[in-house]
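A structural walkthrough
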Amino acid sequence: MHDALVRAGRALRLTLLIALAALFLVPFYLLLRNGLAAESDITAPDWTFFPRALHWSNVRELFDDPNVPMAHALLNSTLIAVATTAGTLVLASLAGYGLARIPYRHANAVFYAILGTLMVPAAVTFVPSFVLVSSLGWVSTLRGLIVPTLFSAFACFVFRQYFLGFPRELEDAAQVDGLGYWRTYWRVVVPNSRPVFAAVGTIVFIGAWNAFLWPLVIGQDRDAWTVQVALSTLNNAQTVNLHELFVAAAVSIVPLLVVFLFLQRYIVAGVERSGIDD
């Protein structure tokens, strides 16, 4: 009787997991199905699981569209996301390590001040940030899209919590060898903190890739458009190009899937060891 109940419970959990996984995959199915369908198949009153014919030419049509520079937008988004991620990791990890390890009587006050910035709505700082970037002449430039987003209070918090639990024995051994804080950070701390770097980097990369409002306002020229801005041009008041919109959405998530697949084993470990629940 007991074994039967255990098997029934496992079967129920497996069924529930399969149902949830299928529900999670529905948006991806819709992207692929509609992206490779003709316009008439998308708007047809009778739904079919797959269109009558798969139009792979929709992908070529997207990249050949003269009104939407999708290839250049993908390049811009890649440059912005990579640069933002690298810059944020360096600045936030240095700040977190300094707050966690360098003796300073006002360290806690500085830390709480940084946390306080998380309470400020983004809308409050949006206009001053735009005015500053505009006065520097950075509108429609990669500098204007990257530099204002480099520092993250959340990333600083995660790194500080992680470094508080970092083994001091490794740092003490480095200091015995004559290394100061700077060389200890680069030679000892960073190589042994790859999980938290991967976890924070993934979060920052996804946020930078999906950003829309700031790139929309700053990237006013076509040459400065990101993927999200290019996607918005496919859906306007005059025309709605459905199959191109679905293809572009599918293409835009490929880099995120690649990043997640390569770094997924580090993400959970990084969050678990960051002390985020302390």
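Structure shown above.
Residues numbered from 1 in each chain as written. Predicted model: local features only at pLDDT ≥ 70, side-chain atom pairs only at ≥ 80, totals over all residues. Heavy atoms only, no water.

Topic: the environment of Ile 146
To keep it simple, the criterion reads: Secondary structure is summarised from DSSP: a helix means a run of H or I of at least four residues, a strand means a run of E of at least two, and numbering begins at the N terminus for each. Throughout this description, buried means an accessible area under 20% of the type-specific maximum (1.4 Å probe, protein chains only), exposed means over 50%, and partly exposed covers the range between. A contact between two residues is defined here by any heavy atoms of the two lying within 4.5 Å.
Assignment of secondary structure puts Ile 146 in helix α7 (residues 142–146). Judged by relative accessible area, which is 12%, Ile 146 ranks as buried. Distance in space between the C-alpha atoms of Ile 146 and Val 251 is 22 Å, their sequence separation being 105 residues. In contact with Ile 146, other than residues within four places in its own chain, are Leu 79, Ile 80, Ala 83 and Thr 84.

Quick notes on unusual backbone geometry
The phi torsion at Ser 140 lies on the positive side, around 65 degrees, for a residue other than glycine. The topology assignment puts Ser 140 in the loop between α6 (122–135) and α7. Residue Ser 140 is classed as buried on the basis of its relative accessible area, which comes to 19%.

A few points about the packing of aromatic side chains
Using the following cut-off: Only Phe, Tyr and Trp rings are paired, with Trp represented by its six-membered ring, and only when their centres lie within 6.5 Å; those with planes under 30 degrees apart are stacked, over 60 edge-to-face, the remainder tilted. For a Lys NZ or an Arg CZ to count as sitting over a ring, it must be within 6 Å of the ring centre and within 35 degrees of the ring normal.
Under the definition given, this model contains 15 aromatic pairs. Relative to Phe 28, the ring of Phe 24 has its centre 5.6 Å away and its plane inclined at 50 degrees; by these criteria the two rings are tilted. Residue Phe 24 and its partner Phe 28 are both found in helix α1 (residues 2–35); the two are separated by four residues, about one turn of the helix. With 6.1 Å between their ring centres and 15 degrees between their planes, Phe 205 and Trp 209 make a pair best called stacked. Of this pair, Phe 205 and Trp 209 both sit in helix α11 (residues 194–210), four residues apart, which is roughly one turn of the helix. Across the pair, Trp 209 and Phe 205 agree in class, each one buried. Following the ring pairs from residue to residue traces out a cluster consisting of Tyr 97, Phe 159, Tyr 162, Phe 163, Trp 182, Tyr 185, Trp 186 and Phe 197. Against the face of Phe 111 rests Arg 160, its NZ or CZ located 3.9 Å from the ring centre. Over the ring of Trp 225 we find Arg 222; its NZ or CZ atom is 5.6 Å from the centre of that ring.

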